[in-house]
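In case you want the letters, here they are:
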Amino acid sequence: MGDFSGGLVSRRTSPLVSVVGVQAIGLAGVCLALLMVREPAPAFGALLWAGMAGSAGVAGLAAFYRALATGRMSLVAPIAAVIGSAIPAAIGIFAGDRLGLPQLAGIACALLSVAVVSAVGRDGEARASGVPLAIVAGLGFAGFFLGIDLADQVDPQASAWWLLLAVRLTAVSLALPVLLIWRPGTGWPTRAVLAVMIVAGLGDVGGNLFYIEAQANAPLSIAAVLSSLYPVTTILLARLFLGERLQRRQLVGVTLAIAGLVLIAL
């Protein structure tokens, strides 16, 4: 829901404005939560890696919102999710994660989906649909997953809220100066857009929080892929509210992506 809402905001205003707004709203929510839970701060190294995860994540989110604003959500979301999950999964397997045949088949299926979807429309449709930006977004998301995993290795008892604080502070610190320098002429978001932005910001924080908790209790390869099941919701919402339709070849690619994610979750 958070990604779909962020994509809608990016279609009404600048993607960079959307990123800064979503991250700032998330930061406010995290600060409020920390005041309520009052958990001890983790090791500095864990916060440092969380900050690195935030820098990769905000770059990925900026590319993702731009891709959602200019292309089809039902194509962009699966590509970003597959790349974002396949890279950590491969690294996790190389590092010693033990996966069964369904998980290995799912990873292969997911990677194949990227090739299928990216090859759609050799007349330029794939590029126009935001595929290149979706690939960049996936790389950024992969960096986020890996950074959080390294933070957990430094301090396995680190509070998820403190890690999220480091993630959001870094993201806002990087994105806000770019926004102030670039100054996109989109103006202040309307109340309707701001309301959707709040949904996106809280949804993004919620997704990150659940990932951090999942990653602390599951192998990196499994947690990253399970956290990348969001394209299912994005595709359904895009079909319901935006009336997006997929061509047969595009549908095959999207189906492969979803099937790959489901297989890895088994």
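For the structure itself, consult the block above.
Residues numbered from 1 in each chain as written. Predicted model: local features only at pLDDT ≥ 70, side-chain atom pairs only at ≥ 80, totals over all residues. Heavy atoms only, no water.

So, about the overall build of the protein chain. A count of helical and extended segments in the protein chain gives 12 helices and zero strands. Taking all 266 residues of the protein chain together, 51% fall into the buried category. Element-wise, carbon and sulfur atoms account for 69% of the exposed surface of the protein chain, whose accessible area totals about 12300 Å². (Helix = DSSP H or I, 4+ residues; strand = E, 2+ residues; numbered from the N terminus. Buried < 20%, exposed > 50% of the residue type's maximum accessible area, 1.4 Å probe, protein only. Areas by Shrake-Rupley, 256 points an atom, 1.4 Å probe, with all protein chains shown as cover.)

Applying the stated criterion to the full structure yields four aromatic pairs. Ring centres 6.1 Å apart and planes at 45° place the aromatic pair Phe144 and Tyr211 in the tilted group. In this pair, Phe144 sits in helix H7 (residues 131-154) while Tyr211 sits in helix H9 (residues 191-217), placing the two residues 67 residues apart along the sequence. Classification of Tyr211 as buried rests on a relative accessible area of 1%. By the ring-pair criterion, three or more aromatic residues cluster together here, those being Phe144, Phe145 and Tyr211. (Phe/Tyr/Trp six-rings, centres within 6.5 Å; stacked < 30°, edge-to-face > 60°.)

Tracing the chain through its elements places Asp155 in the loop between H7 and helix H8 (160-182). With no salt bridge to any partner, buried Asp155 finds its closest opposite charge in Arg168, at an N-O distance of 19 Å. Polar contacts involving the side chain of Asp155 include one to the main-chain amide nitrogen of Ala43, which spans 3.0 Å. (Lys, Arg positive; Asp, Glu negative; His and termini not counted. Salt bridge = Lys/Arg side-chain N within 4 Å of Asp/Glu carboxyl O. Polar contact = N/O pair within 3.5 Å; in protein donor to acceptor, adjacent residues only side chain to side chain.)

Moving on, we come to the pattern of salt bridges. Opposite charge on two side chains permits pairing when their charged atoms draw close. Tallied over the full model, the rule gives one salt bridge. A salt bridge links Arg168 to Asp204; the nearest nitrogen and oxygen atoms lie 2.6 Å apart. Note that Arg168 is positioned in helix H8 and Asp204 in helix H9, a separation of 36 residues in sequence. Of the residues examined, Arg168 reaches a relative accessible area of 1% and is grouped as buried.

One finds Phe64, Tyr65, Leu68, Val76 and Ala137 to be the most contacted residues of the largest nonpolar core, which totals 31 residues. For this core, the secondary structure elements donating two or more residues are helix H2 (15-37), helix H3 (44-70), helix H4 (73-95), H7, H8 and H9. Looking at this core element by element, the count peaks at seven residues for H3. Formed by 25 residues, the second largest nonpolar core is a distinct cluster that contains Phe144, Phe145, Ile148 and Val167. (Core = buried A, V, L, I, M, F, W, Y, C linked by side-chain atoms within 4.5 Å.)

Each pair of packed helices can be described by the angle between their axes along with the distance between the axes. Close contact between H2 and H3 brings their axes to 9 Å; oriented N to C, the two are set at 130°. By the angle between their axes, H2 is oblique relative to H3. Judged by the sense of rotation from one axis to the other, the crossing of H2 with H3 is right-handed. Only Val58, Leu61, Ala62, Tyr65, Arg66 and Ala69 of H3 make contact with H2, whose side of the interface consists of Pro15, Ser18, Val19, Val22 and Gln23. Looking at side-chain class alone, the contact of H2 with H3 contains eight nonpolar, two polar and one charged residues. (Axes fitted to C-alpha atoms, helices over the stretch in contact; angles between N-to-C directions. Parallel < 35°, antiparallel > 145°, perpendicular 65-115°, else oblique. Left-handed = near helix turned anticlockwise from the far one by under 90°. Contact = heavy atoms within 4.5 Å. Nonpolar A, V, L, I, M, F, W, Y, C, P; charged D, E, K, R; others polar.)

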